[in-house]
Amino acid sequence: MRNKSLIIVLTVIVSALCLYFLSFSFVANNVQKDAEAFATDAQGNINLDKKQSYLDSIWKEPVFMGYTYQEIKENELGLGLDLKGGMHVVLEVSPVEIIKSMSGNSKDPNFLKAIARAQDLQKTSQERFTKLFAEAYREIEPNGKLSRIFSNTANRGKISYESTNDQVIDVIDQEVEDAIDRSFNILRTRIDKFGVNQPNIQRLKGTGRIQIELPGIDNPERVRKLLSGMANLEFWEVWAPEEYGTYFMQLNDYLKEQEKTGDLNLKETETKKTDALASAAAKTDTTAETDVLAQAAANDTTKAVAKADTAKKDSAAAALAAADSLANQAGPLARLFTQLPNGLGANVRDTAKINDIFARPEVRAIFPPNMKFLWDVKPIAGDNRQEFVSLYAVKKGRDGKAPLGGDAINDARQDFDQQGRPEINMTMNPTGAKKWARLTGNNVGRQIAIVLDNYVYSAPVVQGEISGGNSSISGNFTIEEAQDLANILKAGKMPAPTRIVEEAIVGPSLGLEAINQGLLSTLAGLVIVVVFMIAYYSRGGLIADLALVFNVFFILGILAQFNAALTLPGIAGIVLTLGMAVDANVLIFERMREEARKGLSMREVINKGYDKAFMTILDANVTTFLAGFILYFFGSGPVKGFAITLMLGIVTSFFTSVYISRLLIETSFQRAGKLSFSNAFAENMFKNVKFDVMKWKKPAYAFSLAILAFGFIAMAIKGPNLGVDFKGGRSYIVEFNKAVPASDVRAALVDNFQEAGTEVKTFGASNRVKVITSWLADDESIQADEQVRTALNAGLAEYKDLNPEVLSSSKVGATMADDIQNTAILALLLSLIGIFIYVMFRFSRWQFSLGGVVALLHDALMIIAVFAILDLFGISYEMDQVFIAAVLTIIGFSINDTVVIFDRIREYLDDNPRSHIREIVNPALIHTFSRTIITSATVFMVVLVLFIFGGEILRGFSLAMMIGILFGVYSSLFIAAPIVVDTMKDEKKPVPAPQPQAQKVR
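Residues numbered from 1 in each chain as written. Predicted model: local features only at pLDDT ≥ 70, side-chain atom pairs only at ≥ 80, totals over all residues. Heavy atoms only, no water.

(A) Focus on the overall build of the protein chain. A count of helical and extended segments in the protein chain gives 32 helices and 26 strands. Put simply, the protein chain has 1002 residues, and 54% of those count as buried. Taking all contacts inside the protein chain whose residues are at least 6 apart in sequence as the whole, residues at least 24 apart take part in 76%. A total of about 45100 Å² of accessible surface is found on the protein chain, and carbon and sulfur atoms cover 56% of it. (Helix = DSSP H or I, 4+ residues; strand = E, 2+ residues; numbered from the N terminus. Buried < 20%, exposed > 50% of the residue type's maximum accessible area, 1.4 Å probe, protein only. Contact = heavy atoms within 4.5 Å. Areas by Shrake-Rupley, 256 points an atom, 1.4 Å probe, with all protein chains shown as cover.)

Structure below.
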């Protein structure tokens, strides 16, 4: 074996890394057990508040190799929402509102018609809304100029009356893109402040959508309002510390009284206050010194002289001195608050406690009614892994509102000052400019807080009155920080409301059930593969099983390294990988058997077996990986999780099957001097297989056409059983104490859903149903969600004695459903095209590509047709995103089998250049028949286990896989190979010209 040392070193390194990253999961699990033990009373009841208090207390404490519990949780192998419970949301930023706002809410009838027309076109189009709007406007008013509508004060400097329509659309495109970025940043901050463990938020490339996953959420209504609310940008005057110091002394007296009476329990901070403060001061001094708001109005010729540098340095020193004095008092105020260089602050862990204190009526009575407290958005890092956050006291106006809102801002952008330092230039509308001049004029030398969603993003010091509405914010910013602040300021300028277009909620009980089902199906699948390999390949099978264990270990370890979450479809991917990993070993062992029959030595058998199988294994894995990549690129949510695991499994199974198994086999042979990879049963099982595939090609064609025709007629009669993913609507999984007929539940709900399309079917157990309704499917508002949920509860009230409980819910908007349908079709077509190109590249003949792709299309259509036939006979499974994942997986699996057969045909053609393809195909099929049946049977058994034990969520996926495996074998034998023969039958193979015989000299 070449490069043996490299394989050993690489295996050791990968194993060590996987063990290291998986160790975080084990440590996190042990900490959870310790927390439960701490919170469990003598009767075995767990106090959840006590458990959470324990976890909070060690959140920033080192628990493993110097890592804090927070860092351990961030690096553990997480569980997806379907295993842990929680909420999945896809939000869409509305370009319609942005376009209307940029137009100054124009009432131009053609403009409004164009927007309405573009909204209609978007339902069936993947194009950007702005492009559809431009086409619609050109269609309605062919000679119309968009600049006539958009050349206003809000767009000054960007759009003029002379701008072309294309230039206007380019500006609108940029504003929409900026609005999506702003929404993303705002939502990310909101989620961070929401306190969710391991949230996931990402932009969906190529769309105006943002995907959010929130594990463990138990208040979906609050989340919906949090995510859908408009950004609220405000400018507030700030109280100086000396102005509110006396009130805090009164607060300190109040807290002392509360401690004496036992109504207040403040835990002593565990870190040294002065060390933490020194570190915090070092980190914030430079920013605090130069974070000033400079006058930049065009009509101003001078700027106010900044004298804040020395004052800031003095205030930093004074702050540290005050902190020491405060700490020496050892009063409750000193245990709650910290004097930071730029003002008063507190440990991040104490903010919730402080909020509770400030919410008390008697505490509110201490402070003036126009004083309001807000936290800084960004914590300051101190020593000992502590984090501190500044607290600002802002002045409320007479009406309780901020003196200036974000609607006053026309534009804000990151720029550079005369010294080349990043700054933010801000422009206001005329009304806002007047208010801004008054606000800055009244606060020279004082701070003004820039607040978004009740968090302070910046609090610059005013150097002088700013008139004209043009300002610059300068400071010790990085370019990224300046861009972020510019985006925050623009959040108030352009209304970009978000709407929830897809939503899924999984209850914790359903998640626990999914974990048990996933573990059971994985273990059962592993046992089947292990037992079969040992029974069929003897000692060689045992070695292959060891490689299989490495494979699973590598998959989990690499997932942990990339901070990926393990989902139920991901577990399905692992189970499927177990079955497909057998294929490489079967190919190798079958090749070794063929070489052994030639009488070669065991050393030669091993070498030739691996060498001859290598390219076949590579081709088969590349084609399957290609299908997985397309699935990942176009899929979302659970489909992406499945695709990631499938692609990762293909890579690790190739490495373990080709390299690690060979390393183990050669080591075993060297030690024992012999190696068994067969037995009498295996040798005789496929010994006398004989068939003529060309004899059966016409009956096979007729059979396939008949099944497809029957299936699509059945679909035309009853309609395709599309899931919510593809048709839009809302679905709920409801559990009762006892079994309830699905038809009775439907009858109870139809009236409440106003006779709209409603389906109710038993889901997994007789006491569990899945309710699907298209009522208000086109309305994606939160109000519509609540209206449908209210109607559901009203209908279920008839079964209140059976305690109906909604375990999970999901929603897909109509536009999202259209996009998912189009994406699924595109993914299917691209996978076929990609495989066609690769097969033609590898086999140098278009006939092989045609035969392979026709067989794949046959398999995909067969799955759809059989689902329709089963639905006609009352066996109903939805066609959803997971179903499409199954179809694309079968495409990868089926081409795997077809490539193996094609590879053998090519080999025989190269060895017999004068033979016709028809003479070659049957021997090739017979010699690969054992591998085809063994691999397919093994994968089928593994998927059957998934069908039985994987739970209702994966049952449709498993059924589609089983149908696909059966027809994949059938199409490889009776569709793909015959098509190659039919398309090559007229080709005449060149016969080499006879060479003259050399004369013999005697």
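(B) How the structure looks around the packing of aromatic side chains. This structure, assessed with the given rule, holds 34 aromatic pairs. Plain terms: the ring middles of F111 and F133 are 5.8 Å apart, the flat faces sit at 85° to each other, and that makes the pair edge-to-face. Taken together, the residues span a long stretch of sequence, with F111 in helix α6 (residues 109-122) and F133 in helix α7 (residues 129-140) at a distance of 22 residues. Judged by its relative accessible area of 0%, F111 is buried. Where F848 meets F902, the ring centres are 5.0 Å apart and the plane angle is 70°; that geometry is what we call edge-to-face. In this pair, F848 sits in helix α29 (residues 846-872) while F902 sits in helix α30 (residues 881-911), placing the two residues 54 residues apart along the sequence. The class for F902 is buried, based on a relative accessible area of 1%. Members of the aromatic cluster, connected to one another through ring pairs, are Y244, Y247, F248, F337, F358, F367 and F373. (Phe/Tyr/Trp six-rings, centres within 6.5 Å; stacked < 30°, edge-to-face > 60°.)

(C) Representation of helix α18 (residues 479-490) in the model. The terminal C-alpha atoms of α18 lie 16 Å apart, and with twelve residues this matches the ideal 16 Å at 1.5 Å per residue to within 8%. Along α18, the residues classified as buried are A482, L485, A486, N487, I488, L489 and K490. (Expected span 1.5 Å × (residues − 1).)

(D) Molecular detail of the confidence of the model for the protein chain. For the protein chain, per-residue confidence averages 77 on the pLDDT scale, and 83% of positions sit at 70 or higher. Considering only residues more than four positions removed or in separate chains, one finds that residues 268-329, a stretch of pLDDT under 50, has 104 contacts. Overall, residues 988-1002 carries pLDDT values under 50, and its contacts beyond four positions in sequence, including any with other chains, amount to five contacts. (pLDDT = per-residue confidence, 0-100.)

(E) Local environment of the sheet that holds strand β6 (residues 209-215). As summarised here, the arrangement of the eight strands in space is β5-β6-β4-β21-β26-β23-β25-β24, forming an open sheet in which the pairing is antiparallel. The open sheet has two edge strands, β5 (200-204) and β24 (758-763), and neither has a second partner. Adjacent strand axes in the sheet meet at a mean angle of 20° when their direction is disregarded. Two strands pair when backbone bridges link them, and strand β23 (residues 729-735) and strand β25 (residues 765-773) are joined in this way by six bridges, in the antiparallel orientation. The partner of R730 across the bridge, within β25, is T773. (Pairing = 2+ DSSP bridges. Axes fitted to C-alpha atoms, helices over the stretch in contact; angles between N-to-C directions.)

(F) Molecular detail of the packing of α29 against helix α32 (residues 955-984). α32 packs onto α29 with a crossing angle of 145° between their chain directions and a minimal axis gap of 7 Å. Here the hand of the crossing between α29 and α32 comes out right-handed. (Left-handed = near helix turned anticlockwise from the far one by under 90°.)

(G) Local environment of a nonpolar patch on the surface. Taken together, F625, F629, Y632, F633, I644 and V651 make up a surface patch of nonpolar side chains, about 530 Å² in accessible area. Within the residue set of the nonpolar patch, elements represented by two or more residues are α21 (602-634) and α22 (638-672). Considering every element that reaches the nonpolar patch, the biggest residue donor is α21, with four residues. Along the chain, the position of Y632 falls in helix α21. (Patch = residues over 30% accessible without salt bridge, like charges linked within 9 Å, V, L, I, M, F, W, Y side chains within 5 Å. Salt bridge = Lys/Arg side-chain N within 4 Å of Asp/Glu carboxyl O.)

(H) Spatial organisation of the environment of R845. Tracing the backbone through its elements, the reader meets R845 in the loop between α28 (814-843) and α29. C-alpha separation for the pair R845 and M984, spaced 139 residues apart in sequence, amounts to 9.6 Å.

(I) Looking closely at the environment of P341. Relative to the elements of secondary structure, P341 occurs in the loop between β9 (338-340) and β10 (343-347). Residues P341 and S390, 49 residues apart in the sequence, show an inter-C-alpha distance of 9.3 Å.

(J) The arrangement of the nonpolar core in detail. F589, F867, I905 and F957 are the most contacted members of the largest nonpolar core, which has 142 residues in total. Ranked by the residues each element gives to this core, the list is headed by α32, at 19 residues. Contact partners of I905, with chain neighbours within four places excluded, come to F848, I917, I920, V921 and A924. Grouped together as the second largest cluster of nonpolar side chains are 41 residues, V89, A134, I210 and I212 included. (Core = buried A, V, L, I, M, F, W, Y, C linked by side-chain atoms within 4.5 Å.)

(K) Representation of the pattern of salt bridges in the model. Scanning the model with the defined rule gives 17 salt bridges in all. Between K612 and E595 there is a salt bridge; the shortest N-O distance is 3.2 Å. Taken as a pair, K612 in helix α21 and E595 in helix α20 (residues 568-597) lie far apart in primary sequence, 17 residues in all. The buried category is assigned to E595, whose relative accessible area is 2%.

(L) Expanded view of the pairing of strand β13 (residues 387-395). Among the nine residues in β13, seven count as buried, and that is most of the element. As paired elements, strand β7 (residues 233-238) and β13 share two bridges and run antiparallel to each other. Residue pairing for β13: V238 is matched across the bridge by V394. With three bridges connecting them, β10 and β13 associate as antiparallel partners. Counterpart to N347 in the pairing with β13 is F388. Pairing of strand β11 (residues 371-376) with β13 involves five bridges; the strand directions are antiparallel. When the bridges of β13 are listed, W375 appears paired with L391. Across two bridges, strand β12 (residues 380-381) lies against β13 in antiparallel orientation. Within β13, the position partnered with I380 by the bridge is F388.

(M) Examining the pairing of strand β26 (residues 805-812) more closely. Of the pairings in the sheet, the one linking strand β21 (residues 498-506) to β26 comprises five bridges and is antiparallel in character. In the sheet register, V506 faces β26, and the bridge partner there is S808.

(N) Structural view of helix α24 (residues 697-718). Under the 1.5 Å per step criterion, the end-to-end length of α24 is 32 Å for 22 residues, consistent within 8% with the ideal 32 Å. Within the span of α24, buried status applies to K697, A700, S704, I707, L708, G711, A714 and M715. Projection of α24 onto a plane perpendicular to its axis shows the buried side chains occupying an angular sector of 130°, all on one side. Turned more than 90 degrees from where α24 packs its buried face, K698, L705, A716 and I717 sit exposed. Among the structural elements, α29 and α32 are those in contact with the buried residues of α24. (Arc of directions from axis to C-beta.)

(O) View of the packing of α21 against α30. Two elements in contact, α21 and α30, have axes whose closest approach is 8 Å; the angle formed by their N-to-C orientations is 160°. Here α21 lies roughly antiparallel to α30, going by the angle between them. Judged by the sense of rotation from one axis to the other, the crossing of α21 with α30 is right-handed. Here T616, D619, A620, T623, T624, A627 and L631 of α21 come into contact with α30, specifically with I884, A885, L888, T889, G892, F893, I895, N896, V899, V900, D903 and R906. Its residues assigned to classes, the contact of α21 with α30 shows ten nonpolar, six polar and three charged. (Parallel < 35°, antiparallel > 145°, perpendicular 65-115°, else oblique. Nonpolar A, V, L, I, M, F, W, Y, C, P; charged D, E, K, R; others polar.)

(P) Quick look at the side chain of N621. Structurally, N621 can be placed in helix α21. Here I617 takes part through its backbone oxygen, which lies 2.7 Å from a polar atom of the side chain of N621. When sequence neighbours within four positions are dropped, the list of residues in contact with N621 reads I650, S653 and F654. (Polar contact = N/O pair within 3.5 Å; in protein donor to acceptor, adjacent residues only side chain to side chain.)

(Q) Highlighting unusual backbone geometry. Its identity as a non-glycine residue notwithstanding, N105 has a phi of 55°, on the positive side. Inspection of the secondary structure assignment puts N105 in the loop between α5 (95-102) and α6. Looking at N105, the relative accessible area reads 49%, which means it is partly exposed.

(R) Up close: the side chain of S471. The residue S471 is located in strand β20 (residues 470-474) in this model. The exposure class of S471 is buried, given its relative accessible area of 2%. Polar contacts involving the side chain of S471 include one to the side chain of W436, which spans 2.7 Å.

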